[in-house]
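The primary structure of each chain is shown beneath.
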Amino acid sequence: MEIFVIWLSYAYVSGVAFPFIFFPGLPAWKPIGDFIPFLSFIPFSLNTTIWLIAGLMLLAGILNFLARKRKVAVVFIMFAAFFSATANYYREVDITSEHHITKFLDASFFAQTKVKGTIIADPDQRDDFTNIDILPDEIIPDPEREPWNVVKLKGKTGYIRAKIYPSIGDYYHSISYGDRIEITSSINEPRKLSNPAGFNYAAYLKARNIYATTRPLRGTEDITYIGTGEIPVLWRIALGLKKRILLTIRKTMPYPESAFLGGVTLGLRGGVPLKVKSEFQATGVAHVLAVSGLHVGFVAFLLIAFSKIMKLPSKFSFVFVAFGLIIFALITGASPATRRAAIMFSIMEFFRSVMKMRLGHASVLTIPITAMIILIFDPLKLPDGSFVLSFMAVWSLAMITGPVERVFKFIGRGWLFLVFITLVLGSTVLVIINPAIFQDGDFVIKYLIIFALLFTVAIMRERRTPLSGFGIEYLPKWFVAFFYAQFAIQIGMMYPLSAVYFQRFPIAGMYANFIAIPLIGFIVQFGLLAGLIDLVFTSVGLSSVGITLALWINAFNWLCCRLFMGMATFFARLFPYPYMSIPSPFELLVYYLGVLLFVFWTPLRYQARLLFLRLADVFEEGYLRKRFFHIGSAIFVLIAAVISIIYATQKHTSRITFFDVGFGNSVLIETPDRKSILIDAGTGGEWGAGSSVIAPAFSRYNIRKLDYLVLTAIKPSNISGASHILNHWRAGKIYLPYNPDDLTYGTGYHKFLTIYGDWRLLANPRSSQAANLYLAWYELKEIITRDNTKVKKAVSGDIIYERKFGDNVFKVALLQGADAAGAEDNASTVRVSYGKTSVLITTQLGRAAQWELVEKRADALPSDVLLLPKNGNPAALTAELLETVAPKYAVFQYGFVPRARRTDDYFHESEIQRTIQNLDIHDIKPIRTDKQGAAIWTSDGENYTIKTILK
């Protein structure tokens, strides 16, 4: 029965995964005849047909079970679970309802729409703003011209996410779950992933049933409190407890430790300084800031301890623990990871206390059941990072820890253990010295060969003269068990999925978690205990006693918080936080097949042995072995031949990516032999182009070294992101738009502006534009000086890279240096040619520089694709340049800039239409990165294609 339940759960999860992986955008609400013409006689939609198939499969399973054909019944029931899961997924993504919020999206970012609704989750407080999720029930699409047109929304509407700022007034500090509010803003489609890699905000929101976002709400007129909606009793209890515990924390602990404690115990995201968050991420302990299964486990342990102190019977103990976990999940915002953990621990406690199962047995049964329960109610959670990471962490603990322990019983002693320790410590030291060292495939192979030889020598040495008294079993048992668990999580979850979801791997986490996880257990439990004690004593009129006891507890907890934060700072400074190559779906499949082979090696080997013995009964054993050898050799030769043919017929292709970096410039050139050349690096900052666009793309494209960096203009929108890139990828050579000897590291502010020579900045040196430019340049120059990188002034006629591939020559050349005109027109021009195809990159080229370029290099300008100068500004584009280049495609690297961050170069989106009209006259197709996402040009030297990330 237990095996049946496990397989049934996995069948349901697979049924949800199938449409998501293969047919995520299928309009399943259409008639089945639209997909399968010969079934057009069926008067149902595709999804209804899938439901009917699931019902028929279930009926067949029941009939076969009654006929005592249990194996056949099980198969039919599995298929019924699979098809019902697929149908449930398509039911959830169905947005065809006339009342769904996607039917009321505004065409303009500045439109005005009135929406009334209820806040359906605890507000997500951040450092400078708060996110609220709204369930709409009333909408006025055009309140200015048609205020009487009130649409009452019913049924499945989807949610709206709004970002509010403190400037909305006092209500900002009292906004709460259950409030009924009215907002006035534009209702927009969430921004989709518009670059090759990075954070997909739209997918993140969709997993939470959020299909629309608003313009940031900043004024008192943008949001109005109407009243309090209906709040379930459990939510009232949870929110009351949350506010009371938070008040105790703030009374008994100073900032920033109070913000940290509030985050790890109550799920508050705001208040923790950005520097602390960054250190936690680099150390690999950022998971403690988001309340997850780890925290729920500590709370479950605390509740189980209370139930034993109160000597509750098993059944009552289960109810007590489950109710406590539900309240804790609601207090912390009921995130996917918290819900998963609360359900899982409740089911596990039921199996443990009521069914009297062993912990290991219960956990194997609990994992798939919990996944099925969550996906029944919320199938969109399947691809969500919090869902996948939390389940894989628990699955790794349950399934991989045992095999890891068996392996270490073999290698965890004597000379083998000594070699293993040398391997781990040696790898750590090498990574600290050079974070990218293990991205070199040749080095990795040599490194593994050396240690394979060392392990061989160690095995031989151990047989002759054992190294007795030296092994992992001599360490404390709790440390060994924790080590096995951490090793299992690294194998099953951290190594591959960190690259998939974050493109980075926290090396320090393998060490820091030995301190972080036990310590956070004390911090969470003491924090909750202090709050509950204060609550209990206050409720009986002894508030002074309660706050005094809470103060004593949190005084010790303050030391624990300080130790935790200091530990994160230490490891963040000691260890690098490198980017990783993102594995392809095929690589992930191969990796996890290897993991499954490792986990189930013993039963698989046993089954293979049984199969061999059965075949041996039919054939002579020697004959069988000989045939197996021949068949295996033939398969190996066939695979090798296929791989050789693929490589032999593969064409040398080049790829150029025009990133969507907002109102800035950044272009990545990949040569046919996989050299990488980055032209500009966009904006900087925490969510700037360097960290959120270019670095993830480098991981996606498996770029291990930046061969050339060409900075075409000294503007924040061109150079600010370079600092982040150069901190993680060393550049072989950098081309600067000025003489490096003129602006050296340490050049003062006013001297910098004088040498730069832009009259607009010289006229107003106190402007934020001038200050931001200097800071961006200074940070870049500091990194170049630190790394002793080769730098060169961009000079007209320089050949950055040139090589012949077959009959075609690939060349990246500087047609014009950056000193062609005044500072406001100052920008280098790069031309990429490959055989019969070419691309011209004119990032911030002004009118005077364009005329000079046309006059001097007219013969070299004709190209298939043109990156428009000055982000497509019609006032900066000359007819002479368009007519001489005569491209078929023109790329706008454009994006909206908030008023507070605009510079003199910014122009409004409406002016783009003038440029587009000009392009239409010359029969040039426009490509806008703000609308179509990044544009990717691919060429084999004879032909080229250009596509965009968004349609």
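What comes next concerns the included structure.

Quick notes on the rules
- Residues numbered from 1 in each chain as written.
- Predicted model: local features only at pLDDT ≥ 70, side-chain atom pairs only at ≥ 80, totals over all residues.
- Heavy atoms only, no water.
- Pairing = 2+ DSSP bridges.
- Helix = DSSP H or I, 4+ residues; strand = E, 2+ residues; numbered from the N terminus.
- Axes fitted to C-alpha atoms, helices over the stretch in contact; angles between N-to-C directions.
- Phe/Tyr/Trp six-rings, centres within 6.5 Å; stacked < 30°, edge-to-face > 60°.
- Buried < 20%, exposed > 50% of the residue type's maximum accessible area, 1.4 Å probe, protein only.
- Parallel < 35°, antiparallel > 145°, perpendicular 65-115°, else oblique.
- Left-handed = near helix turned anticlockwise from the far one by under 90°.
- Contact = heavy atoms within 4.5 Å.
- Nonpolar A, V, L, I, M, F, W, Y, C, P; charged D, E, K, R; others polar.
- Salt bridge = Lys/Arg side-chain N within 4 Å of Asp/Glu carboxyl O.
- Expected span 1.5 Å × (residues − 1).
- Patch = residues over 30% accessible without salt bridge, like charges linked within 9 Å, V, L, I, M, F, W, Y side chains within 5 Å.
- Areas by Shrake-Rupley, 256 points an atom, 1.4 Å probe, with all protein chains shown as cover.
- Core = buried A, V, L, I, M, F, W, Y, C linked by side-chain atoms within 4.5 Å.
- Arc of directions from axis to C-beta.

## Observations regarding the sheet that holds strand 12 (residues 676–679)
With respect to topology, eight strands assemble into an open sheet ordered 15-14-13-12-11-10-23-24, the strand pairing being mixed. With one partner strand each, in any of the chains shown, strand 15 (790–793) and strand 24 (944–948) form the two edges of the open sheet. Sheet twist, expressed as the mean angle between neighbouring strand axes with direction ignored, is 15°. Across five bridges, strand 23 (residues 935–939) lies against strand 24 in antiparallel orientation. Its bridge partner lying in strand 24, serine 939 is registered against tyrosine 944.

## Focus: the packing of aromatic side chains
Per the stated rule, a full pass over the model turns up 55 aromatic pairs. With 5.5 Å between their ring centres and 70° between their planes, phenylalanine 280 and phenylalanine 564 make a pair best called edge-to-face. Remark: phenylalanine 564 occurs in helix 18 (residues 543–574) and phenylalanine 280 occurs in helix 7 (residues 274–283); sequence separation between them is 284 residues. Side by side, phenylalanine 280 and phenylalanine 564 carry an identical accessibility label, which is buried. Where tyrosine 774 meets tryptophan 777, the ring centres are 5.9 Å apart and the plane angle is 35°; that geometry is what we call tilted. A residue pair is termed a helical-turn pair when its members lie 3 or 4 positions apart in one helix, as tyrosine 774 and tryptophan 777 do in helix 27 (residues 768–787) at three residues.

## Observations concerning the packing of helix 16 (residues 477–502) against helix 17 (residues 509–539)
Interhelical geometry of helix 16 versus helix 17 gives an angle of 125° and a closest axis separation of 11 Å. As judged from the angle between their axes, helix 16 and helix 17 are oblique. Our pair here, helix 16 against helix 17, has a crossing hand that is right-handed. Taken together, the residues of helix 17 that come into contact with helix 16 (itself represented by Phe479, Phe482, Phe483, Gln486 and Gln490) are Gly509, Met510, Asn513, Phe514, Ile517 and Pro518. Of the residues contributing to the contact of helix 16 with helix 17, the split by class is seven nonpolar, four polar and no charged.

## Some thoughts on the environment of phenylalanine 752
Its place among the elements puts phenylalanine 752 in helix 25 (residues 749–756). For phenylalanine 752, a relative accessible area of 0% gives the class buried. Taking C-alpha positions, phenylalanine 752 is 12 Å from alanine 776, a pair spaced 24 residues apart along the chain. Every residue in contact with phenylalanine 752, bar those within four places of it in the chain, is listed here: Ile714, Leu743, Thr747, Leu773, Tyr774 and Trp777.

## Topic: the environment of phenylalanine 129
Secondary-structure assignment places phenylalanine 129 in the loop between strand 2 (124–125) and strand 3 (130–140). The sequence separation of phenylalanine 129 and glutamine 525 amounts to 396 residues, and the corresponding C-alpha distance is 29 Å. Setting aside residues no more than four positions away along its own chain, phenylalanine 129 makes contact with Asp124, Lys163, Ile164, Tyr165 and Tyr172.

## A look at unusual backbone geometry
In the segment running from tyrosine 255 into proline 256, the intervening peptide bond is cis, with an omega of 10°. Tracing the backbone through its elements, the reader meets proline 256 in the loop between helix 5 (233–252) and helix 6 (257–266). In the Ramachandran plot, asparagine 209 falls in the positive-phi region, its phi being about 65° despite a non-glycine side chain. Among the secondary structure elements, asparagine 209 is positioned in the loop between helix 4 (201–206) and strand 8 (210–214).

## Overview of the sheet that holds strand 21 (residues 889–892)
With mixed pairing, seven strands are arranged side by side in an open sheet as 16-17-18-19-20-21-22. At either margin of the open sheet sits one strand with a lone partner, and together these are strand 16 (799–805) and strand 22 (925–928). Averaged over all pairs of adjacent strands, the angle between strand axes in this sheet comes to 15°, irrespective of strand direction. Across three bridges, strand 19 (residues 837–842) lies against strand 20 (residues 865–867) in parallel orientation. Looking at strand 20, one finds that valine 839 is bridged to valine 865. Set on the sheet, helix 28 (residues 847–857) makes contact with strand 17 (808–816) and strand 18 (829–834); between it and strand 17 the angle comes to about 130°.

## So, the pattern of salt bridges
Oppositely charged side chains are able to pair whenever their charged atoms sit close together. A complete count under the given rule lists 24 salt bridges for this structure. Arginine 562 is paired through a salt bridge with glutamate 257; the nearest N and O atoms lie 3.0 Å apart. Taken together, the residues arginine 562 in helix 18 and glutamate 257 in helix 6 connect sequence positions 305 residues apart. Given the relative accessible area of 41%, arginine 562 is considered partly exposed. Residue glutamate 257 is classed as buried on the basis of its relative accessible area, which comes to 3%. Here glutamate 852 makes a salt bridge to lysine 856, at a shortest N to O gap of 3.1 Å. Here glutamate 852 pairs with lysine 856, and both are found in helix 28, just four residues apart, close to one helical turn. Each of Glu909, Arg928, Asp930 and Lys931 takes part in one network of salt bridges that share partners.

## Points about helix 8 (residues 293–309)
With 17 residues, helix 8 extends 24 Å from end C-alpha to end C-alpha; this agrees with the ideal 24 Å at 1.5 Å per step. Among the residues of helix 8, Gly293, His295, Val296, Gly297, Phe298, Val299, Ala300, Leu302, Leu303 and Ser307 are the ones counted as buried. Once helix 8 ends, the next one or two residues include lysine 311, with phi positive near 55°.

## Details of a nonpolar patch on the surface
A contiguous nonpolar patch, built from Phe586, Leu589, Val590, Leu593, Leu596, Leu597, Phe600, Trp601 and Leu604 and spanning about 870 Å² of accessible area, is present on the exposed surface. For the nonpolar patch, the elements supplying multiple residues, two or more each, are helix 19 (585–599) and helix 20 (601–618). Here the nonpolar patch gets six residues from one element, more than from any other, and that element is helix 19. Here phenylalanine 600 is to be found in the loop between helix 19 and helix 20. Taking the relative accessible area as the measure of exposure, phenylalanine 600 reaches 33% and is therefore partly exposed.

## A short note on the nonpolar core
Counting residues in each nonpolar core, the largest one holds 141 residues, and the members touching the most others are Ile132, Ile223, Phe260, Phe280, Ile520, Ile523 and Phe564. With 10 residues, the top contributor of residues to this core is helix 16. Leave out the neighbours within four places in its chain, and isoleucine 223 touches Ile132, Ile164, Ile168, Tyr171, Ile175, Ile181, Glu182, Ile183 and Leu217. Membership of the second largest hydrophobic core comes to 41 residues, among which are Val661, Val693, Ile694 and Ala731.

## Observations regarding helix 30 (residues 912–921)
Every α-helix winds through 3.6 residues per turn, so residues three or four apart in the chain are directed the same way. Those residues of helix 30 that sit buried are Ile912, Thr915, Ile916 and Leu919. One side of helix 30 carries all its buried residues, which in axial view fall inside an arc of 100°. Of the residues in helix 30, the exposed ones pointing more than 90 degrees away from the buried face are Gln917, Asp920 and Ile921. Those residues of helix 30 that are buried lie in contact with helix 29 (879–885), strand 21 and strand 22. Positive backbone phi, at 60°, marks aspartate 923, one or two positions downstream of helix 30.

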